[in-house]
Amino acid sequence: MRSFASLLIVFVLGATAAPLVVRAQTPSARTIYTDTLLRERVLRQEIETRRSDAPAPGLLERMRSLVETYERMARQFPTSEYMDNALWQGALLAADAFWTFGEAEDKATALDMFSELGSRFPRSALVRDSPAHVKRLKA
């Protein structure tokens, strides 16, 4: 009986501690956003310093990967204070991918993200800057 009680205590303690460990290991919206923003800054620096006639191996894929990260963040943390910024950053990066490589997929992604920004966060200060970008993409 004594060993059963000890086993039960160990089980209960383990079960209550497990969610704490999982929560401690799950990055916050802020952490993911700031990490992604830093990765974007490095990527944008590479975009700005490369010659336009120079090959850019993997550049479009890395741009799209960051855009997807911003999109995933917006789905994973829908109420976070960082999600209007994530949609904005993703939309701008997708638009820049379109302007750099000319692929319609990136244009569509940018337009979708600008639209989502406006519908999900109509009071965000970023929304008022969206129409100029949307107009340029649609022109």
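The structure we're discussing is the one just above.
Source: prediction; values computed, not measured.

Conventions we followed
- Residues numbered from 1 in each chain as written.
- Predicted model: local features only at pLDDT ≥ 70, side-chain atom pairs only at ≥ 80, totals over all residues.
- Heavy atoms only, no water.
- Helix = DSSP H or I, 4+ residues; strand = E, 2+ residues; numbered from the N terminus.
- Buried < 20%, exposed > 50% of the residue type's maximum accessible area, 1.4 Å probe, protein only.
- Areas by Shrake-Rupley, 256 points an atom, 1.4 Å probe, with all protein chains shown as cover.
- Axes fitted to C-alpha atoms, helices over the stretch in contact; angles between N-to-C directions.
- Parallel < 35°, antiparallel > 145°, perpendicular 65-115°, else oblique.
- Left-handed = near helix turned anticlockwise from the far one by under 90°.
- Contact = heavy atoms within 4.5 Å.
- Nonpolar A, V, L, I, M, F, W, Y, C, P; charged D, E, K, R; others polar.
- Expected span 1.5 Å × (residues − 1).

### Some details on the overall build of the chain
Regarding its fold elements, the chain presents six helices and zero strands. Looking at the chain as a whole, 33% of its 139 residues qualify as buried. Working note: accessible area of the chain is about 9,200 Å², and carbon and sulfur atoms make up 58% of it.

### A closer look at the packing of helix 4 (residues 83–101) against helix 6 (residues 130–138)
Contact geometry of helix 4 with helix 6 gives a least axis separation of 12 Å together with a crossing angle of 25°. Taken together, the axis directions place helix 4 and helix 6 in an arrangement best described as roughly parallel. The element helix 4 and its partner helix 6 pack so that their crossing is left-handed. Facing Trp 88, Leu 92, Ala 95, Phe 98 and Trp 99 of helix 4, the residues of helix 6 in contact are Ser 130, His 133, Arg 136 and Leu 137. Classifying every residue of the contact of helix 4 with helix 6 gives six nonpolar, two polar and one charged.

### Side note on helix 4
Between its first and last C-alpha, helix 4 extends 26 Å over 19 residues, near the 27 Å set by a 1.5 Å rise per residue. Taking burial as the measure, the 19 residues of helix 4 include 14 buried ones, the bulk of the element. Phi turns positive one or two residues past the end of helix 4, at Gly 102, with a value near 75°.

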